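Close look at the chain arrangement
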Amino acid sequence: MKKINLGRLLGPKGLMPSPKAGTVTPNIPQAIADFKRGKVAYRADKSGIVHLPFGNVQFLEEDLLENFLAAVKSVEDNRPSGAKKVYWRSAYICTSMGPSIKLDVKDMLALRVAASKA
């Protein structure tokens, strides 16, 4: 398959590899090792929604909560400098194909603060 055909197929889906997303790298063994250790790349889409995996069905509740709080902390720490006021308007969690559950943002942020103090 030629590069042009591949671009036409992957481009509209947003699946083209790029160095910015970390999918193109000169050091392949290092990239594999990073992803095996659990490196997760995320970004906000055009409407400001962040899609971020933080666990799977095999994880224990404690591990899911720890990963979730780490994900919330990471999003907070990496918020754009232009975002001055309320950054979290709403938060939902869901399985890959299941219905979503709305979270109370105030409780979520309070839990993050309580976990960081402990």
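Along every chain, residues carry numbers that run from 1 in the direction the sequence is written. Predicted model: local features are reported for residues with pLDDT of at least 70 only, side-chain atom pairs are reported and counted for 80 or more only, and whole-chain, interface and lining totals are derived from all residues. The side-chain values count all of the structure's non-hydrogen atoms but skip hydrogen atoms and water molecules.

Next up on the list: the overall build of the protein. Helix numbers and strand numbers start at the N terminus; a helix is a DSSP run of H or I with at least 4 residues, a strand a run of E with at least 2. Assigned secondary structure in the protein consists of 4 helices and 2 strands. From first element to last, N terminus to C terminus, the protein shows the α and β order α-α-α-β-β-α. Remark: exposure states derive from per-residue accessible area (1.4 Å probe, protein chains only) relative to the maximum for the residue type, with buried under 20%, exposed over 50%, and partly exposed in between. Among the 118 residues that make up the protein, the fraction classed as buried is 11%. In this analysis, two residues are considered to be in contact whenever any of their non-hydrogen atoms come within 4.5 Å of each other. Counted over contacts in the protein with a minimum sequence separation of 6, partners at least 24 positions apart contribute 24%. The method behind every accessible area is Shrake-Rupley, applied with a 1.4 Å probe, and residues are considered shielded solely by the protein chains displayed. A total accessible area of about 10,200 Å² is found for the protein, and carbon and sulfur atoms account for 60% of it.

Before going further, it helps to examine helix 3 (residues 61-77). Between its terminal C-alpha atoms helix 3 stretches 24 Å, which fits the 24 Å expected from 17 residues at 1.5 Å a residue. Burial in helix 3 covers these residues: F68, L69, A71, V72, V75 and E76. Along the axis of helix 3, the buried residues cluster in a sector spanning 155 degrees; they form a single face. Facing away from the buried side of helix 3 by more than 90 degrees, the exposed set consists of E62, E66 and D77. Between the first and last residue of a helix there are one fewer steps than residues, each counted as 1.5 Å, and that sum is the expected span. Note that the arc is computed from the directions linking the helix axis to the C-beta atoms.

What follows covers the confidence of the model for the protein. As a note on interpretation, predicted positions should not be read in detail where pLDDT is low. When the pLDDT values of the protein are averaged, the result is 79; 79% of them are 70 or greater. Residue-level confidence of the predictor is summarised by pLDDT, bounded by 0 at the bottom and 100 at the top. No element of the protein has a lower mean pLDDT than helix 1 (residues 3-10), which averages 63, and none a higher one than strand 2 (residues 101-103), which averages 91.

Within the largest apolar cluster, 8 residues are counted, these being F68, L69, V72, V75, W88, A91, V105 and M108. Those elements that place two or more of their residues in this core are helix 3 and helix 4 (105-117). Among residues more than four places away in sequence, those in contact with M108 are F68, V72, W88, A91 and L103. In plain words, nonpolar cores are sets of buried Ala, Val, Leu, Ile, Met, Phe, Trp, Tyr and Cys residues tied together by side-chain atoms within 4.5 Å.

A word on the side chain of E76. Along the chain, E76 falls in helix 3. The exposure class of E76 is buried, given its relative accessible area of 17%. The residues touching E76, leaving out its near neighbours within four places in the chain, are Y87, W88, L109 and R112.

Before going further, it helps to spend a moment on the environment of V50. Its location among the elements puts V50 in the loop between helix 2 (28-36) and helix 3. Overall, V50 belongs to the partly exposed group, its relative accessible area being 30%. Linking V50 and V75, residues 25 residues apart in sequence, is a C-alpha distance of 8.7 Å. Beyond its immediate sequence surroundings of up to four residues, V50 is in contact with Y42, R43, A44 and V75.

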